[in-house]
Amino acid sequence: MPIVKPISGHTGCAGIERYLTKGGRALAVDLVNLDWSPEHPCGFRGWADEMDFTRIAFGNHTPWKGKPARTYKHYIVSPDPTDEISLESLRELTQAWAAENFPGFQAAVVYHDDNENGVMHAHVVVNNTNLDTGSRLQDPVPKELMRSIQRLAEERGLSFFSEGREAGSPSRFPARRGRPGESVHFRRAEKELLEKGGYSWVADIRNRVLIARRAARDEADFLGILDEIGIEVSDAAVRNGAADWVYGLPGEGARRVRGENLGTSFGQRAVRQELALRAAPRKADVMREIARNAVEVGSLQDLNALAEALDAFSREGIRSIADCEARIAAMEAGGDYVSMERLAEYRDYAVEKGILPQHSAGKRRRVAPDDGRATAKRGPRGGAARQHPSTQGGRNRDERGR
């Protein structure tokens, strides 16, 4: 699970640039919204010079409310050592995180592996000035930054913290394969096939199992759905004292995979806990019908679309079209247009296929019938609004006088 450690800077950036690049220790450097080069007309000697120039040009180098200016933020992004992440993957993950959380800001990302255990990590230096508005960087909420990096890690098949757990908790269900927190695991061969648009039988099995998990009411129903959509289930050999299932495609003897090899959330223990804690899903029959039809006609594209939509709704806590609309609006307000468009596609799919109700159970407002009487003003929690004591007393005095 990746960790983000924030550090505030109150000086020019020359010192942090020297520290991060001295002795050739930098494995690579990525620049965001920076034009520095040896031939730059302003004669910048490095990205630190350009950041300092920008900050001074906008007047953001001066004290703020009597306190020294916070000139930059320095974040250390450390992936889980058990992921053994490559430099290429770390660069892609870190740049995605910086783009998501600091749009419009200059940033320099420097990569190291010079810590005690030689684990690769990234240093992200963010200048304090928004290039679009000229305003100073507002200190992002650490919890939001951590939630962002966990989600991005999960999307890339890396270890991550589950939502609602304290820092240091490896996952919703502990891993037993030496890869803690990897809810969904993609092998290298599978990734390469999917990137090329090819067929992966492992991905095919994973999608069918995911659909069964989302649509099932209990364990028996889960196994029944798998049978309906063409997945054979058998008991796996006990490993490290833990039982598991093996999922396979009928008639394909070699195309079988142990549950936890798909990710910890696909193992027997995790599935049983999920089904025990969750109420019966709404529209479950619709999900089963779509999956069954997709398998019958060989439409793996429709099967994949259903699995992706259900997985996205589960991650975002979405149980209705209304929930989906609210989440899309929040993403738009936050400027997360990529996630907004992706969720909008899933919403359209849900509307087309009818896999979500319009409103979640228990969230519809009850409207009292009009019986001709004046309606009392309501307070903020739904009760009758309190009146100021002087108003209430005056009314009582008038009634006594009458």
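Anyway, here's the lowdown on the structure attached to this text. (Residues numbered from 1 in each chain as written. Predicted model: local features only at pLDDT ≥ 70, side-chain atom pairs only at ≥ 80, totals over all residues. Heavy atoms only, no water.)

Below, the discussion takes up the overall build of the protein. What the protein contains, in helices and strands, is 13 helices and eight strands. Contacts in the protein between residues far apart in sequence, at least 24 positions, make up 65% of those at least 6 positions apart. Carbon and sulfur atoms make up 50% of the accessible area of the protein, which totals about 22,500 Å². (Helix = DSSP H or I, 4+ residues; strand = E, 2+ residues; numbered from the N terminus. Contact = heavy atoms within 4.5 Å. Areas by Shrake-Rupley, 256 points an atom, 1.4 Å probe, with all protein chains shown as cover.)

A word on the nonpolar core. Counting 45 residues, the largest nonpolar core has Ile-205, Phe-222, Tyr-247, Leu-306, Phe-313, Leu-343 and Ile-355 as its most contacted members. Going through the elements one at a time, helix 6 (201–215), helix 7 (219–228), strand 7 (245–248), helix 8 (268–277), helix 9 (284–296), helix 10 (300–316), helix 11 (321–333) and helix 12 (337–353) are the ones with two or more residues in this core. For Leu-343, the residues in contact, after removing those within four places along its chain, are Phe-313, Ile-318, Cys-324, Arg-327, Ile-328 and Met-331. If you look at the next biggest cluster of nonpolar residues, it comprises 26 residues, including Ile-85, Val-109, Met-120 and Ala-122. (Core = buried A, V, L, I, M, F, W, Y, C linked by side-chain atoms within 4.5 Å. Buried < 20%, exposed > 50% of the residue type's maximum accessible area, 1.4 Å probe, protein only.)

If you walk across this open sheet you meet the three strands as 6-7-8, and the pairing is antiparallel. With partners counted over all chains shown, the strands left at the sheet margins are strand 6 (232–235) and strand 8 (256–258), one partner each. The mean inter-strand angle of the sheet, taken between neighbouring strand axes irrespective of direction, is 25°. The strands that helix 7 touches are strand 6 and strand 7; relative to strand 7, the one it contacts most, it runs at about 25°. (Pairing = 2+ DSSP bridges. Axes fitted to C-alpha atoms, helices over the stretch in contact; angles between N-to-C directions.)

Counted at 1.5 Å a residue, the expected span for helix 10 with its 17 residues is 24 Å, and the 24 Å between its end C-alpha atoms agrees. At the exit of helix 10 stands Gly-317, carrying a positive phi of roughly 70°. (Expected span 1.5 Å × (residues − 1).)

Now for the packing of aromatic side chains. Scanning all chains against the criterion turns up four aromatic pairs. Aromatic side chains Tyr-75 and Phe-102 sit 5.3 Å apart centroid to centroid with 35° between the ring planes, which places their arrangement in the tilted category. Of this pair, Tyr-75 sits in strand 3 (residues 72–78) while Phe-102 sits in the loop between helix 3 (87–101) and strand 4 (105–112), and the two are 27 residues apart along the sequence. Across the pair, exposure class does not vary: Tyr-75 and Phe-102 are buried alike. Centroid distance Trp-97 to Phe-102: 5.7 Å. Interplanar angle 75°. Geometry classified as edge-to-face. A relative accessible area of 0% places Trp-97 in the buried class. Linked through ring pairs, Tyr-75, Trp-97 and Phe-102 together constitute an aromatic cluster. When the ring centre of Tyr-19 is taken as reference, the NZ or CZ atom of Arg-25 above it lies at 4.7 Å. For the cation-ring pair, Arg-213 lies above Phe-266, with the distance from its terminal atom to the ring centre recorded as 4.7 Å. (Phe/Tyr/Trp six-rings, centres within 6.5 Å; stacked < 30°, edge-to-face > 60°. Lys NZ or Arg CZ within 6 Å of the ring centre and 35° of its normal.)

Strand order across the open sheet formed by five strands is 1-3-5-4-2, with antiparallel pairing between neighbours. Edge positions in the open sheet fall to strand 1 (3–9) and strand 2 (28–32), since each of these has one partner strand only. Put simply, the sheet's adjacent strands are angled 15° from each other on average, direction ignored. Two elements, strand 2 and strand 4, share five bridges in a ladder whose sense is antiparallel. Note that in strand 4 the partner of Leu-31 across the bridge is Ala-108.

The next subject is the packing of helix 6 against helix 7. At a closest axis distance of 9 Å, the pairing of helix 6 and helix 7 adopts a crossing angle of 140°. Judged by the inter-axis angle, helix 6 sits oblique to helix 7. Of the two elements, helix 6 crosses helix 7, and the hand of that crossing is right-handed. Contacts between helix 6 and helix 7 pair Arg-208, Val-209, Ala-212, Arg-213 and Ala-215 from the former with Asp-221, Phe-222, Ile-225 and Leu-226 from the latter. (Parallel < 35°, antiparallel > 145°, perpendicular 65-115°, else oblique. Left-handed = near helix turned anticlockwise from the far one by under 90°.)

As a further point, take the pairing of strand 3. In terms of burial, strand 3 is largely enclosed, as six of its seven residues are buried. In this structure, strand 1 lies alongside strand 3, joined through seven bridges in antiparallel fashion. Counterpart to Val-4 in the pairing with strand 3 is Val-77. Where strand 3 and strand 5 (residues 121–130) come together, six bridges link them in antiparallel fashion. When the sheet's bridge partners are listed, Tyr-72 is paired in strand 5 with Asn-127.

This part covers helix 3. Helical geometry: 3.6 residues make up each α-helical turn, so side chains three or four residues apart lie on a common side. In a regular helix each residue adds 1.5 Å, so 15 residues correspond to 21 Å; helix 3 covers 21 Å between its end C-alpha atoms and thus fits that length. Against strand 1, strand 3, strand 4, strand 5 and helix 4 (142–155) lie the buried residues of helix 3.

Here we take up unusual backbone geometry. Its identity as a non-glycine residue notwithstanding, Glu-84 has a phi of 50°, on the positive side. With a phi close to 55°, Asn-240 is a non-glycine residue in the positive phi region. Examined against the element boundaries, Asn-240 turns out to sit in the loop between strand 6 and strand 7.

Next up on the list: the packing of helix 3 against helix 4. The angle between the axes and the distance between the axes are what describe a pair of packed helices. Packing of helix 3 against helix 4 brings their axes to within 10 Å, and their N-to-C directions diverge by 135°. By the angle class used here, helix 3 and helix 4 are oblique. Crossing handedness for the pair helix 3 and helix 4: right-handed. Every residue of helix 4 that contacts helix 3 at Leu-93, Ala-96, Trp-97, Glu-100 and Asn-101 is listed here: Leu-145, Ser-148, Ile-149, Arg-151, Leu-152 and Ala-153. Classifying every residue of the contact of helix 3 with helix 4 gives seven nonpolar, two polar and two charged. (Nonpolar A, V, L, I, M, F, W, Y, C, P; charged D, E, K, R; others polar.)

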